[in-house]
Amino acid sequence: MKVNLNDFGIVLAVIGATLAALIPGIASAKAVSKGGIAGAGVITEDPSLFGKVLILQLLPGTQGIYGLLIAFITFSQIGVLGGSGDISFAKGLLYFAACMPMIIVGYSSAIRQSNASIASMGVVAKKPDQFGKAMIFPAMVETYAILALLISMLAVNGISGLNI
Amino acid sequence: MLKRVNRSLSEVLYNEKTDKQFIYAVARIRSKELALLSKADIDQLMGCKTEKECLRLLADKGWGIDDTESSEQMLTTEREKTWELLADLVEDMSVFNTFLYGNDFHNLKAAIKQVYKDTKLSNIFLSNNTIDPDLIVKAVTERDFSILPEHMRQVAKEAYEIQLHTGDSQLCDIVIDKAALESIYSHGKASGDELLSHYVELKVAIANINIAIRSVKTGKDKEFLQRALVKCESLDIEKLTECALNGMDFIYDYLSTTVYFDGVSALKESPQAFECWCDNLIIEYIKPQKYNPFTLSPLAAYLLARENEIKTVRILLSGKRNDISDELIRERLREMYV
């Protein structure tokens, strides 16, 4: 039986898209959980800080959403959500590579952002009026998740136009 | 199957890692740090004319249960509050054994003296310990030291026999003190926590310096020093022993070559000044923990800060009670954590 390599193009693309939803999703779940634990500690002592702490807790949750978005766009482009699923091996590999920034940066930025969020919760616990400044620190980590989202999105969209 | 094992393992590892980070506990401690006494609070207390006025001010700041307590009751209540909080924050209190072993060994001393004198005294045992004092008393009374934890078994037997056969309470205490320091040291070093590891190093080194100084003043011999001094990384015990046998100046010279060179001037001034320098050194070391959001270190730092606060307030109240001049009280006051 002759194996046609192009049959595996769609497989690679689906793996890339699935990992884009999976890995940042797992990281966000871990990160939001850690933030929740720290938030619970702050709220135990001062329940009035709930709103501020909740925002800090949710900041690292965005990576999961970004990953989902990349997965959704990739599935749309490769025809999993309708249309033709005829993808060459090279194209499948390119889709896989296009998902990588979101997979890797999504994971690491979520974990690191949660650490920054937890540190900022310490600031809020001591000086609630400094919430604005405290929120900036974890928000800065978001920049890199957004950059990864942007490049993955541009790459996935760009690949669909390639004739390979 | 393999995947399931792998998943369970990663879940366990994740939970363990999260637990070791003490995220919840540190977040609560951050809020609790707001209630610690600052330098301004101490100045305010210094401004009070009498001890009663100080107690009222402390009660206003949430110290004690009510303002009818005596100063000692208030300080005991505060210490209990700290331990209750820590017990509430961590599931396994054994992480604080470094701070609790001292009380266990104190209770061992008390139990041996009580059994030796064949009397029963109340309030001689310290709470916040890892071994029930009744168990220690039982072990000493029945001479069945096997019921004690391993780190205390041998020393309890040895100290009891010394007390029984020689009646030398000082030697009995030295043997127990050395074992206490060794247990604290090994637990702190094995904890894997940077702060605890450094704290036990300081604690043992300071104890060694104090032993050496006192031995010179009381003319103790080499055998005594070898029995009392505890091995640590920052001091060469052999050299310290040698210096202590030669005189005070040799100790000063040796300490000038160690990381404790700053303390020499305080040592020359007075034992109280040196004690104050040691406490301030610990507080300076733990201060960065105010900005550490993870691990056991901020909790240990909070505990040390509270102990330091209680000690400072005790000095202040005692000074006010005995009409000691403000200048003299201020000399004895410790640096505050916040």
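Anything mentioned here points back to the structure above.
Across its full length, chain A holds 5 helices and 0 strands. Relative to a compact globule of 164 residues, whose C-alpha radius of gyration would be 15 Å, chain A shows 19 Å and is clearly more extended. If you line up chain A on its principal axes, its C-alpha atoms span 70 × 25 × 25 Å. A total of 164 residues make up chain A; the buried ones form 42% of that total. Long-range contacts, defined as pairs at least 24 residues apart, comprise 86% of the intrachain contacts of chain A with a sequence gap of at least 6.

Looking now at the pattern of salt bridges. Applying the stated criterion across every chain, the model contains 26 salt bridges over all chains. In this structure, Lys32(B) engages Glu45(A) in a salt bridge whose closest nitrogen and oxygen atoms are separated by 3.4 Å. With Lys32(B) in helix α2 (residues 23-32) and Glu45(A) in helix α1 (residues 9-45), this residue pair bridges two chains. Judged by its relative accessible area of 25%, Glu45(A) falls in the partly exposed class. For Lys157(B), the salt bridge is made with Glu161(B), and the minimal N-O distance between the two is 3.8 Å. You can see Lys157(B) and its partner Glu161(B) sitting in helix α8 (residues 150-166), 4 residues apart, about one turn around the helix. Judged by its relative accessible area of 34%, Glu161(B) is partly exposed.

A few words on the interface of chain B and chain A. Taken residue by residue, the interface counts 15 residues in chain B and 16 residues in chain A. Between chain B and chain A, the buried area comes to about 1,400 Å², and carbon and sulfur atoms account for 70% of it. At the boundary of chain B with chain A, the tally comes to 3 salt bridges. Measuring nitrogen to oxygen at the nearest pair gives 2.6 Å for the salt bridge that ties Lys126(A) to Glu33(B).

Conventions and cut-offs
- Residues numbered from 1 in each chain as written.
- Chains lettered and ligands numbered in written order.
- Predicted model: local features only at pLDDT ≥ 70, side-chain atom pairs only at ≥ 80, totals over all residues.
- Heavy atoms only, no water.
- Helix = DSSP H or I, 4+ residues; strand = E, 2+ residues; numbered from the N terminus.
- Rg over C-alpha atoms; globule rule 2.2 N^0.38 Å.
- Buried < 20%, exposed > 50% of the residue type's maximum accessible area, 1.4 Å probe, protein only.
- Contact = heavy atoms within 4.5 Å.
- Salt bridge = Lys/Arg side-chain N within 4 Å of Asp/Glu carboxyl O.
- Buried area = accessible area lost by both parts, 1.4 Å probe.

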